[in-house]
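Observations on the three-dimensional arrangement
Take a look at the letters that make up each chain.
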Amino acid sequence: MGWKSFIGFLFLIVCISSVSAQEIGTLKVTKDPQIDSLIAKRLTLSKDNRSGSSIEVSGFRVQIFSGLERQQAYAEHTKFKVRFPAYKIYISYVQPNYRVRVGDFRTRLEAEKFMNELKRYYSSMFIFSEMIILQ
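A brief report on the enclosed structure follows. Model, not experiment: these values are computed from the prediction. (Residues numbered from 1 in each chain as written. Predicted model: local features only at pLDDT ≥ 70, side-chain atom pairs only at ≥ 80, totals over all residues. Heavy atoms only, no water.)

Notes on the overall build of the protein chain
- The number of helices and strands found in the protein chain is 4 helices and 4 strands.
- Going from the N terminus to the C terminus, the protein chain shows its helices and strands as α-α-β-α-β-β-α-β.
- Surface accessibility of the protein chain: about 10600 Å² in total, with carbon and sulfur atoms responsible for 58%. (Helix = DSSP H or I, 4+ residues; strand = E, 2+ residues; numbered from the N terminus. Areas by Shrake-Rupley, 256 points an atom, 1.4 Å probe, with all protein chains shown as cover.)

Dropping the structure here:
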């Protein structure tokens, strides 16, 4: 065995021993409470000061209705508004269907949590990624 082969062999042994010496552990993530206040401050600063309008960002909404009947879409709108007055409702028409989508969620997880609350009222729901309005 030549010196180059011997050095290569030693290098390989050192690399293998250092990899095997690593431990598999758990990772704990702790969020600083100031993060939420910084996000709120960022949203406040992002608003257009002249008109007070909100900004649009990529987010998620839950679709609670899709159908051909306009009256049925508005009936679902009214029912939802009575049950959940704090959430925004959006009705759109994409031929041939009317769609009722609710909420302005920043993350898919937030939309899924809200969808779990809606399960007792709506049997068929979907989460859609679209531009949402931050207030």
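Quick notes on the nonpolar core
- Ranked by internal contacts, the top residues of the largest apolar core, which has 19 residues, are Val 62, Ile 64, Phe 80, Val 102, Phe 114, Leu 118 and Met 125.
- For this core, the secondary structure elements donating two or more residues are strand E1 (55–67), helix H3 (70–83), strand E3 (97–105) and helix H4 (108–118).
- When near neighbours in sequence (up to four residues on either side) are disregarded, Phe 80 contacts Ile 64, Tyr 87, Ile 89, Val 102, Phe 114, Leu 118 and Tyr 122. (Core = buried A, V, L, I, M, F, W, Y, C linked by side-chain atoms within 4.5 Å. Buried < 20%, exposed > 50% of the residue type's maximum accessible area, 1.4 Å probe, protein only. Contact = heavy atoms within 4.5 Å.)

So, the pairing of E1
- As judged from the 9 bridges shared by E1 and strand E4 (residues 126–134), these two strands associate in the antiparallel manner. Within the sheet, the bridge partner assigned to Val 62 lies in E4 and is Ile 127. (Pairing = 2+ DSSP bridges.)

Some words on the environment of Gly 67
- Considering the arrangement of structural elements, one finds Gly 67 in strand E1.
- Accessibility expressed as a relative area gives 11% for Gly 67, which makes it buried.
- Sequence-wise, Gly 67 and Pro 96 are 29 residues apart; in three dimensions their C-alpha atoms are separated by 8.0 Å.
- Beyond its immediate chain neighbours, meaning those up to four positions away, Gly 67 contacts Pro 96, Asn 97 and Tyr 98.

A short note on the packing of aromatic side chains
- Scanning the entire structure with this criterion turns up 9 aromatic pairs.
- When the ring of Phe 80 is compared with that of Phe 114, the centres are 6.2 Å apart and the planes differ by 85°; the resulting orientation is edge-to-face. Here Phe 80, found in helix H3, pairs with Phe 114, found in helix H4; they are 34 residues apart in sequence, far enough to count as distant. For the pair formed by Phe 80 and Phe 114, the shared burial category is buried. (Phe/Tyr/Trp six-rings, centres within 6.5 Å; stacked < 30°, edge-to-face > 60°.)

Some remarks on the pattern of salt bridges
- Under the criterion given, the structure shown has 5 salt bridges.
- For Glu 130, the salt bridge identified is with Arg 61, shortest N-O distance 2.5 Å. Of the two residues, Glu 130 is situated in strand E4 and Arg 61 in strand E1; the sequence distance between them amounts to 69 residues.
- With a closest N to O distance of 2.5 Å, Glu 130 and Arg 101 form a salt bridge. (Salt bridge = Lys/Arg side-chain N within 4 Å of Asp/Glu carboxyl O.)

Read these as spatial facts, not as claims about activity.
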